[in-house]
Amino acid sequence: LARLVAGQIVECEERGLDKYKRVLGICRVGGLDVNGEIVRHGLAWAFVRYSKSYVDVEAAARAAR
């Protein structure tokens, strides 16, 4: 993640709050969806309680092991 965003501007769009009042959102660097990238690399999972956006990305990551 550090290498992905190093020296670049990260823009995050707030999409709401979780049950603990933490901000939920989508972050991008140079148009690249950072959230999707960390799921794709197996560093995070799709938390379907709040969004189903990354379910397919997670499935592909799991299939690729």
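In what follows, the structure referred to is the one given above.
Residues numbered from 1 in each chain as written. Predicted model: local features only at pLDDT ≥ 70, side-chain atom pairs only at ≥ 80, totals over all residues. Heavy atoms only, no water.

Visitor: Explanation requested: the side chain of Glu37 in the structure shown.
Guide: With respect to the secondary-structure elements, Glu37 resides in helix H2 (residues 34–40). Excluding its chain neighbours within four sequence positions, the residues that come into contact with Glu37 are Leu4 and Leu32. (Helix = DSSP H or I, 4+ residues; strand = E, 2+ residues; numbered from the N terminus. Contact = heavy atoms within 4.5 Å.)

Visitor: How do you make sense of the state of the cysteines when you look at a structure like this?
Guide: Two cysteines form a disulfide when their sulfur atoms are joined by a covalent bond. In total, this model carries one disulfide according to the counting rule given. Here Cys12 pairs with Cys27 through a disulfide, and the sulfurs are 2.0 Å apart. The sign of the S-S torsion, about 110°, decides the handedness of the disulfide formed by Cys12 and Cys27: right-handed. Separated by 15 residues along the polypeptide, Cys12 in strand S1 (residues 10–17) and Cys27 in strand S2 (residues 23–29) bring together distant segments of the chain. (Disulfide = S-S within 2.5 Å.)

Visitor: Whenever I open this one, the pairing of S2 confuses me. Can you help?
Guide: Successive residues of a regular strand alternate their side chains across the two faces of the sheet. Bridge count for S1 against S2 is seven bridges, and the pairing is antiparallel. For Leu17, the partnering residue across the bridge sits in S2 and is Val23. Taking the residues between adjacent antiparallel strands as the criterion, S1 and S2 are bridged by five residues, where Lys21 takes a positive phi near 70°. Relative to strand S3 (residues 32–33), S2 is paired through two bridges, and the arrangement is antiparallel. By the bridge assignment for S3, Arg28 is matched with Asp33. The loop that links S2 with its antiparallel partner S3 comprises two residues; one of these, Gly30, has a positive phi angle of about 60°. (Pairing = 2+ DSSP bridges.)

Visitor: For this particular structure, what's the right way to read the pattern of salt bridges?
Guide: A complete count under the given rule lists five salt bridges for this structure. Taking the shortest distance from any N to any O, the salt bridge between Arg28 and Glu13 comes out at 3.7 Å. With Arg28 in strand S2 and Glu13 in strand S1, the pair connects residues that are 15 residues apart, well separated along the chain. The exposure class of Arg28 is partly exposed, given its relative accessible area of 32%. Overall, Glu13 belongs to the partly exposed group, its relative accessible area being 36%. Ionic pairing is found between Glu37 and Arg40, a salt bridge with its closest N-O pair at 2.8 Å. In this pair, Glu37 and Arg40 are both assigned in helix H2, three residues apart and thus about one turn of the helix distant. Accessibility expressed as a relative area gives 46% for Arg40, which makes it partly exposed. (Salt bridge = Lys/Arg side-chain N within 4 Å of Asp/Glu carboxyl O. Buried < 20%, exposed > 50% of the residue type's maximum accessible area, 1.4 Å probe, protein only.)

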